[in-house]
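Chain by chain, the residues run as shown.
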Amino acid sequence: MDFDLRILFLFLLFVTAIIFVLRKGSALTPTDLKEIVLDFLLVPAALGTFATFFFILTRTDPLPLLREASYQLSFQQNVSFTQAIPENLTKSLNVVSVARHDTDGDEFNEWVVFYQFDLQPGNSPIKGVIYDNDRGNPPVIFPYELRAPGRDYLSEHAGAINLSFAKITEDRNGPLPDRKDLDEILV
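Structure report, in brief.

Here we take up the packing of aromatic side chains. Summed over all chains, the structure comprises 5 aromatic pairs. Centroid distance Phe108 to Trp111: 5.8 Å. Interplanar angle 70 degrees. Geometry classified as edge-to-face. Note on Phe108: relative accessible area 24%, which makes it partly exposed. The exposure class of Trp111 is buried, given its relative accessible area of 13%. Ring centres of Phe142 and Tyr144 lie 5.1 Å apart, and the angle between their planes is 65 degrees; on these two criteria the pair is classed as edge-to-face.

What follows is about a nonpolar patch on the surface. On the surface, a nonpolar cluster with roughly 390 Å² of combined accessible area is contributed by Leu5, Leu8, Phe11 and Leu12. Counting through the fold element by element, Leu12 comes out in helix H1 (residues 5–24).

Pairing in this open sheet of 4 strands is antiparallel, and the strands run E1-E2-E3-E4 from one edge to the other. The open sheet is flanked by strand E1 (93–101) and strand E4 (140–146), the only strands paired with a single partner. Strand-to-strand twist of the sheet, defined as the mean angle between neighbouring strand axes without regard to direction, takes the value 30 degrees. Bridge analysis of E1 against strand E2 (residues 110–117) gives 8 bridges, and the strand direction is antiparallel. Within the sheet, the bridge partner assigned to His101 lies in E2 and is Glu110.

What follows covers the pattern of salt bridges. One pass over the structure, following the stated rule, counts 2 salt bridges. Lys127 is paired through a salt bridge with Glu145; the nearest N and O atoms lie 3.2 Å apart. A residue pair is termed long-range when its members are at least 10 positions apart, and Lys127 in strand E3 (residues 126–135) and Glu145 in strand E4 qualify at 18 residues. Between Arg147 and Glu145 there is a salt bridge, with its nearest N and O atoms 3.6 Å apart. Judged by its relative accessible area of 65%, Arg147 is exposed.

So, about the nonpolar core. Of all hydrophobic cores here, the largest spans 10 residues; its members are Val96, Val112, Phe114, Ile126, Ile130, Leu146, Ala148, Leu154, Ile161 and Leu163. Every element with two or more residues in this core is listed here: E2 and E3. Residues in contact with Val96, not counting those within four places in the same chain, are Arg67, Phe114, Tyr115, Gln116, Ile126 and Ala158. If you look at the next biggest cluster of nonpolar residues, it comprises 8 residues, including Phe81, Trp111, Val113 and Tyr131.

On to unusual backbone geometry, then. Located in the positive-phi region is Arg59, a residue other than glycine, with phi close to 55 degrees. You can see Arg59 is positioned in the loop between helix H2 (30–58) and helix H3 (62–73). In the Ramachandran plot, Glu107 falls in the positive-phi region, its phi being about 65 degrees despite a non-glycine side chain. Within the element layout of this structure, Glu107 appears in the loop between E1 and E2. A relative accessible area of 78% places Glu107 in the exposed class.

As a further point, take the pairing of E3. Bridge analysis of E2 against E3 gives 6 bridges, and the strand direction is antiparallel. Bridge pairing in E3 links Phe114 to Gly128. By the bridge criterion, 6 bridges tie E3 to E4 in an arrangement that is antiparallel. Bridge pairing links Tyr131 to Pro143 in E4. Here E3 folds back onto E4, and the loop between the two strands holds 4 residues, one of which, Gly136, carries a positive phi near 85 degrees.

This next bit is on the side chain of Ser155. Mapped onto the elements of the fold, Ser155 is located in the loop between E4 and strand E5 (164–166). The exposure class of Ser155 is buried, given its relative accessible area of 12%.

The rules behind each value
Residues numbered from 1 in each chain as written. Predicted model: local features only at pLDDT ≥ 70, side-chain atom pairs only at ≥ 80, totals over all residues. Heavy atoms only, no water. Phe/Tyr/Trp six-rings, centres within 6.5 Å; stacked < 30°, edge-to-face > 60°. Buried < 20%, exposed > 50% of the residue type's maximum accessible area, 1.4 Å probe, protein only. Patch = residues over 30% accessible without salt bridge, like charges linked within 9 Å, V, L, I, M, F, W, Y side chains within 5 Å. Areas by Shrake-Rupley, 256 points an atom, 1.4 Å probe, with all protein chains shown as cover. Salt bridge = Lys/Arg side-chain N within 4 Å of Asp/Glu carboxyl O. Helix = DSSP H or I, 4+ residues; strand = E, 2+ residues; numbered from the N terminus. Pairing = 2+ DSSP bridges. Axes fitted to C-alpha atoms, helices over the stretch in contact; angles between N-to-C directions. Core = buried A, V, L, I, M, F, W, Y, C linked by side-chain atoms within 4.5 Å. Contact = heavy atoms within 4.5 Å.

Structure, rendered in structure tokens:
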């Protein structure tokens, strides 16, 4: 059953009108409209200021909370790499960061995910994976592991992980038919 947002909009419009009439007790004037807009903008601005101050004060990284909120608010239709970790691995595997970048020049932003594994106090090794939807019909999200030469992890410090793109070689590594020279991924 699909939910019709038009019905919700009409219901909320009706409720808003009733609450406004009960609050003001008079007809709507241009000054009232200005006050409504300012009140509407004040609430999220105040909440954002309070949340930012809280994150600064507690030195908390808000990105995992924002990812989880996005996952829950989308009725669990977004991809959540944290939720995808099997229950038996949650004590030894943790998502450090998730970013969207077009890593292969196909004009689709892949998911670049960094994981901490073998979790222990202090430093835990970091692995990187690029998830792309370039396989199968219908496409499936396929993992491409980022590997450093001679190692099975990229770093031991989560704060040291940084992803950037730079022109290193001229190898015309882009997708067909143009085969543009794409920037290489630097971790």
